[in-house]
Amino acid sequence: TQLLEQSPQFLSIQEGENLTVYCNSSSVFSSLQWYRQEPGEGPVLLVTVVTGGEVKKLKRLTFQFGDARKDSSLHITAAQPGDTGLYLCAGAYSGAGSYQLTFGKGTKLSVIP
Amino acid sequence: DVKVTQSSRYLVKRTGEKVFLECVQDMDHENMFWYRQDPGLGLRLIYFSYDVKMKEKGDIPEGYSVSREKKERFSLILESASTNQTSMYLCASSLIEGFGSIDQPQHFGDGTRLSIL
């Protein structure tokens, strides 16, 4: 099993602040996916990064894939209460018959108005 | 939109019972997955299937089995439920586009919160 360390586990910030969530591994992943999960729902894909060094932006969210494809970060600018949720990173690798994802343990973000 | 439907949102069973969790997807996806999600442990893969009647063990298959008789349906079976199987169970599906396609996102159901008493 390939491990993905995600930090911090919990984050509570004021509206308007910036924050960064990190995912690190000693393994190389073919791609890195970021999901967001609301209470009572399943995770929903935010973005996939594929190329080492790649940066993708989704409004106030910036995702980066490390040059060596072992780590990734999610940066949120001027956080809003609507950003509250559980953020999960997931590394893709080839497994038996198809690909699999290994998930980080998640970052629970609370944005206080 | 892809829809992954899990048969129950909440389920309460007793120790020793045989428990079936059902999952149906409507987008003709080849891959289907069962995870459990526990606080502090994240999502852990129990079993997955990349074709009808095919199944592969994930990271924590002990105490579970699966069935995939039709492409759209993937069932998780707890042969003899135990209290340590109390958890949130999530089903997911994804496409294969050619061999080794690894960028396909997984589409999740809303989960079944299972309590074993």
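For clarity, every value in this text was computed on a predicted model and none was experimentally measured.

Thoughts on the interface of chain B and chain A
Link 1 in the chain: Across the boundary between the two partners, chain B contributes 27 residues, which contact 27 residues of chain A.
Link 2 in the chain: For the pair chain B and chain A, the interface holds zero salt bridges.
Link 3 in the chain: One can count five residue pairs in polar contact (both at pLDDT 80 or more) joining chain B with chain A.
Link 4 in the chain: Among the elements of the structure, β4 (31-38), β5 (42-49) and β9 (87-94) of chain B are those that each provide at least two residues to the side of chain B that touches chain A.
Link 5 in the chain: Across the side of chain B that touches chain A, the residue classes tally to 13 nonpolar, nine polar and five charged.

Some remarks on the side chain of B:His29
Link 1 in the chain: Here B:His29 lies in the loop between β3 (19-25) and β4.
Link 2 in the chain: Separated by 2.8 Å, the side chains of B:His29 and B:Ser93 make a polar contact.

Describing the nonpolar core
Link 1 in the chain: The biggest cluster of nonpolar side chains holds 21 residues, and the ones touching the most others in it are A:Leu19, A:Leu32, A:Trp34, A:Phe63, A:Leu74, A:Ile76 and A:Leu109.
Link 2 in the chain: For A:Ile76, the contacting residues outside a window of four places in its chain are A:Glu17, A:Asn18, A:Leu19, A:Arg60, A:Leu61, A:Asp83, A:Tyr87 and A:Leu109.
Link 3 in the chain: Formed by 20 residues, the second largest nonpolar core is a distinct cluster that contains B:Val19, B:Met32, B:Trp34 and B:Cys91.

What about the state of the cysteines?
Link 1 in the chain: For the structure shown, the criterion picks out two disulfides over all chains.
Link 2 in the chain: Across the disulfide from A:Cys23 sits A:Cys89; the S-S distance is 1.6 Å. Measuring the twist about the S-S bond at about -85°, one finds the A:Cys23-A:Cys89 disulfide to be left-handed. One end of the pair, A:Cys23, is in strand β3 (residues 19-24); the other, A:Cys89, is in strand β9 (residues 85-94), and 66 residues separate them in sequence.
Link 3 in the chain: Take A:Cys89: its relative accessible area is 0%, and that puts it in the buried class.
Link 4 in the chain: Through a disulfide, B:Cys23 is tied to B:Cys91; the S-S separation comes to 1.9 Å. Disulfide B:Cys23 to B:Cys91: torsion about the S-S bond roughly -80°, handedness left-handed. In this pair, B:Cys23 is assigned in strand β3 and B:Cys91 in strand β9, connecting sequence segments 68 residues apart. Neither residue differs from the other here; B:Cys23 and B:Cys91 are each classed as buried.

About the cut-offs
Residues numbered from 1 in each chain as written. Chains lettered and ligands numbered in written order. Predicted model: local features only at pLDDT ≥ 70, side-chain atom pairs only at ≥ 80, totals over all residues. Heavy atoms only, no water. Contact = heavy atoms within 4.5 Å. Salt bridge = Lys/Arg side-chain N within 4 Å of Asp/Glu carboxyl O. Polar contact = N/O pair within 3.5 Å; in protein donor to acceptor, adjacent residues only side chain to side chain. Helix = DSSP H or I, 4+ residues; strand = E, 2+ residues; numbered from the N terminus. Nonpolar A, V, L, I, M, F, W, Y, C, P; charged D, E, K, R; others polar. Core = buried A, V, L, I, M, F, W, Y, C linked by side-chain atoms within 4.5 Å. Buried < 20%, exposed > 50% of the residue type's maximum accessible area, 1.4 Å probe, protein only. Disulfide = S-S within 2.5 Å.

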